[in-house]
Every structure is written in C-alpha cells, then in structure tokens.
Amino acid sequence: MSIPIRATVLISGNGSNLQAVIDKVAAGQLNTTLVRVLSNRKDAFGLERARKANIPTQYHNLVKYKKQHPATPEGVQAAREEYDAELARLILADSPELVICLGFMHVLSPRFLEPLERAKVRIINLHPALPGAFNGVNAIERAHAAWMEGKIDKTGVMIHDVISEVDMGKPILVREIPFRKGLDEDIEVFEKRVHETEWGIVIEGVDLVLKELAARKSA
Ligand SMILES: Nc1nc2c(c(=O)[nH]1)N[C@@H](CN(C=O)c1ccc(C(=O)N[C@@H](CCC(=O)O)C(=O)O)cc1)CN2
Ligand SMILES: NCC(=O)N[C@@H]1O[C@H](COP(=O)([O-])[O-])[C@@H](O)[C@H]1O
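Here's what I pulled together on the structure shown here. (Residues numbered from 1 in each chain as written. Chains lettered and ligands numbered in written order. Predicted model: local features only at pLDDT ≥ 70, side-chain atom pairs only at ≥ 80, totals over all residues. Heavy atoms only, no water.)

**Let's talk about the packing of aromatic side chains**
Consideration 1: Considering all chains together, one arrives at three aromatic pairs under this definition.
Consideration 2: Seen in terms of ring centroids, Trp 147 and Phe 179 are 4.7 Å apart; in terms of plane orientation they differ by 5°. Their pairing is stacked. With Trp 147 in helix H6 (residues 139-148) and Phe 179 in the loop between strand E7 (171-178) and helix H7 (187-218), the pair connects residues that are 32 residues apart, well separated along the chain. No difference in accessibility class separates Trp 147 from Phe 179, as the two residues are buried.
Consideration 3: Chaining the aromatic ring pairs together yields one cluster made of Trp 147, Phe 179 and Phe 190. (Phe/Tyr/Trp six-rings, centres within 6.5 Å; stacked < 30°, edge-to-face > 60°. Helix = DSSP H or I, 4+ residues; strand = E, 2+ residues; numbered from the N terminus. Buried < 20%, exposed > 50% of the residue type's maximum accessible area, 1.4 Å probe, protein only.)

**Quick word on the nonpolar core**
Consideration 1: Leu 98, Leu 102 and Val 202 are the most contacted members of the largest nonpolar core, which has 43 residues in total.
Consideration 2: When residues in this core are grouped by element, the largest group, ten residues, is from H7.
Consideration 3: In terms of nonpolar packing, the next biggest core, distinct from the first, is built from 19 residues, Tyr 65, Phe 104, Val 121 and Val 162 among them. (Core = buried A, V, L, I, M, F, W, Y, C linked by side-chain atoms within 4.5 Å.)

**Looking at the pattern of salt bridges**
Consideration 1: This model, assessed by the stated rule, comprises 15 salt bridges.
Consideration 2: A salt bridge links Asp 94 to Arg 36; its shortest N-O distance comes to 2.6 Å. Placement of the pair is Asp 94 in the loop between helix H4 (73-92) and strand E4 (98-101) and Arg 36 in strand E2 (residues 32-39), with a sequence separation of 58 residues.
Consideration 3: Taking relative accessible area as the criterion, Asp 94 reaches 13% and is therefore assigned buried.
Consideration 4: A salt bridge links Arg 89 to Glu 86; the shortest N-O distance between them is 2.8 Å. Here Arg 89 pairs with Glu 86, and both are found in helix H4, just three residues apart, close to one helical turn. (Salt bridge = Lys/Arg side-chain N within 4 Å of Asp/Glu carboxyl O.)

**Re the packing of H4 against helix H5 (residues 110-118)**
Consideration 1: Contact geometry of H4 with H5 gives a least axis separation of 7 Å together with a crossing angle of 30°. The angle between the axes of H4 and H5 places the two elements in the roughly parallel class. The crossing of H4 and H5 is right-handed. Between H4 and H5, the residues in contact are Glu 81, Asp 84, Ala 85, Leu 87, Ala 88, Ile 91 and Leu 92 and Arg 111, Phe 112, Pro 115 and Leu 116, respectively.
Consideration 2: Looking at side-chain class alone, the contact of H4 with H5 contains eight nonpolar, no polar and three charged residues. (Axes fitted to C-alpha atoms, helices over the stretch in contact; angles between N-to-C directions. Parallel < 35°, antiparallel > 145°, perpendicular 65-115°, else oblique. Left-handed = near helix turned anticlockwise from the far one by under 90°. Contact = heavy atoms within 4.5 Å. Nonpolar A, V, L, I, M, F, W, Y, C, P; charged D, E, K, R; others polar.)

**Looking at the site of ligand 1**
Consideration 1: The full set close to ligand 1 counts 17 residues, and His 106, Leu 108, Asn 125, Ile 163 and Asp 167 are the nearest of them.
Consideration 2: A distance of 2.8 Å is found between an oxygen atom of ligand 1 and a side-chain nitrogen or oxygen belonging to Arg 80.
Consideration 3: Here ligand 1 has 710 Å² of accessible area as a free molecule, and 78% of this is covered by the chains.
Consideration 4: Looking at side-chain class alone, the shell around ligand 1 contains eight nonpolar, six polar and three charged residues. (Near = heavy atom within 4 Å. Polar contact = N/O pair within 3.5 Å; in protein donor to acceptor, adjacent residues only side chain to side chain. Areas by Shrake-Rupley, 256 points an atom, 1.4 Å probe, with all protein chains shown as cover.)

**Things to note about the site of ligand 2**
Consideration 1: Gly 15, Ser 16, Asn 17, His 195 and Glu 198 are the nearest of the 13 residues found near ligand 2.
Consideration 2: The backbone of Gly 15 places a nitrogen or oxygen atom 2.7 Å from an oxygen atom of ligand 2.
Consideration 3: Between an oxygen atom of ligand 2 and a side-chain N or O atom of Asn 17, the distance comes to 2.9 Å.
Consideration 4: Burial of ligand 2 by the protein chains amounts to 87% of its free accessible area of 450 Å².
Consideration 5: Counting atoms within 2 Å of the grid points, the majority share of ligand 2 lands in the largest pocket.
Consideration 6: Counting only elements with at least two residues in the shell around ligand 2, the list comes to helix H1 (16-26), strand E5 (122-127) and H7. (1 Å grid on protein atoms, 1.4 Å probe; cavity = no way out; pocket = protein on both sides within 12 Å on 5 of 7 lines; lining within 4 Å. Sits in = over half its atoms within 2 Å of the grid points.)

**Points about the side chain of Asp 184**
Consideration 1: Inspection of the secondary structure puts Asp 184 in the loop between E7 and H7.
Consideration 2: Looking at Asp 184, the relative accessible area reads 0%, which means it is buried.
Consideration 3: If we skip the residues at most four places from it in the chain, Asp 184 touches His 144, Trp 147, Pro 178, Phe 179, Val 189, Phe 190 and Arg 193.

**Side note on the sheet that holds strand E3 (residues 57-59)**
Strands in a sheet are paired, the pairing made by backbone hydrogen bonds, and the direction either parallel or antiparallel.
Consideration 1: As summarised here, the arrangement of the seven strands in space is E3-E2-E1-E4-E5-E6-E7, forming an open sheet in which the pairing is mixed. Single-partner strands in this sheet number two, and they are E3 and E7. Averaged over all pairs of adjacent strands, the angle between strand axes in this sheet comes to 20°, irrespective of strand direction.
Consideration 2: Summarising the sheet, E4 and E5 pair through four bridges and their orientation is parallel. Bridged to Ile 100 within E5 is Ile 124. (Pairing = 2+ DSSP bridges.)

See below:
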C-alpha cells in the first residue's frame, strides 16, 4: 500500500459517515491519514467521534465573523468571505491532499475554493440525492415528499467533486435508491435506508478518489 493520502474531513453534525471512514481506516481498508476533523458547529457529535479516534479537531464558526459586520446582505457576504478565507488557511496549514465534506452544512465560496485549487487540494462531498435532483439542504425530506406526491420513483446518494455551484460538481459515484410502495411511506424508515446506503458509498467513493490521488503521486 502506498503512502497514505492526507485528508481533512468537514462536518456539522452526527458524523455517522465520518465514523464509517474512521472504522475503515482503522481496519487498514482506506489508504488515508485523517489529519483533522473540522466542524462549523461546536456541538457536532462527529467531533467526539474524532477525539475518540485521536484525530485532531477544530471548531470554526461563522458567528464570530458575522458579529464583526453589519447585519446587511453586504455585511453577511463580507463575513462569509472572511470566514472562508480563514477556513482555507486553517485547512492548508495541515497540508492535506484531499478535503472530504461529510454533512458540512456551509456553502463554500471562491474565497475557500480558489486557495485550495491553487494548492491542488481535491474537495469532494457526500450528498443524499441524484445529480441535479435535490441540491442543497434537506434533500432526503424533499425527495421523499416528491415521491409521496407521485413525482418520482427513485432517489439516491452520490459522492461528487465540489465546485462553486452547490452539488453540481462532477459525480464520482452515484447509487440509486428506488422507493418501495407500502414500505417507505414513513420518512424515518426511508431516511434510515438512505443513511445505510451512504455508509457504503462513502467508503467506495472515498476509496476511488484516494486511489486516483495515489496513482497521480506515483506517476
Ligand atoms: N460551493 C459549494 N459548497 C458546498 C458544497 C458544494 O457542492 N459546493 N457541498 C456542500 C454540502 N451541501 C450539500 O451537499 C450543502 C450544505 C449546506 C448548504 C446550505 O444551504 N447551507 C446554508 C446554511 C444551512 C444551515 O446552516 O442549515 C448556508 O451555507 O448558508 C447547501 C448545500 C458543502 N458546501
Ligand atoms: N447537503 C449536504 C447533506 O445534506 N449532507 C448529508 O448530511 C448527512 C450527514 O450525516 P452524518 O453527520 O451522520 O454523516 C448525510 O446524510 C449527508 O448526505
């Protein structure tokens, strides 16, 4: 196995997908070193998961930046740009080769994306929808509602590259999830099935990217 790829994980919540990755790394089945887990929410349980796995953590919150600007659209934009520029600096200080968004509930602006592109750091994201279907937040609930209204008969999850346009980056791995009449009416039952699918595709997708990066390094 080649030298492990250095990866930083961005989270905002429970971290069940982070845990899936941590477990596979511990089992020697993912060729990566998780150099840091960073959350934009202090109470993210994923930070606890990282601490238990002896992975360095960081909390980086937008509120501090918003307080330094007027509560106007221009002020919020300025706060977000300062936040993103600092986020890039924090992440690049660890010299990662890959950034993995696993439930990171913050839209990344060019002030973050451009420094990482210059540093040739790949950014990928796990999203619980099919390409172009339900971009943004609450994708699972929105897909379920669309199915209940008879508009769709399947949804899915994907790993995709991160670009400025949210959830529109090149899909790396897509897994369709057909709805099951009579079984998926309950959103809780359906959501559990989506998450179980994610725990598998996140490993397959991250592994694909790690192998791509390792091959590029050895070329
Ligand atoms: N520029 C990009 N940024 C991010 C992407 C992306 O593809 N391009 N993927 C996301 C993850 N994501 C969906 O997969 C996503 C996360 C959050 C939001 C969003 O609207 N966030 C709001 C705040 C919502 C909240 O706090 O609950 C916001 O940032 O104002 C959309 C999509 C990671 N970022
Ligand atoms: N738009 C991004 C988005 O909705 N991401 C979703 O957040 C959840 C994080 O769960 P976790 O914290 O248990 O890994 C996952 O379902 C992931 O697909």
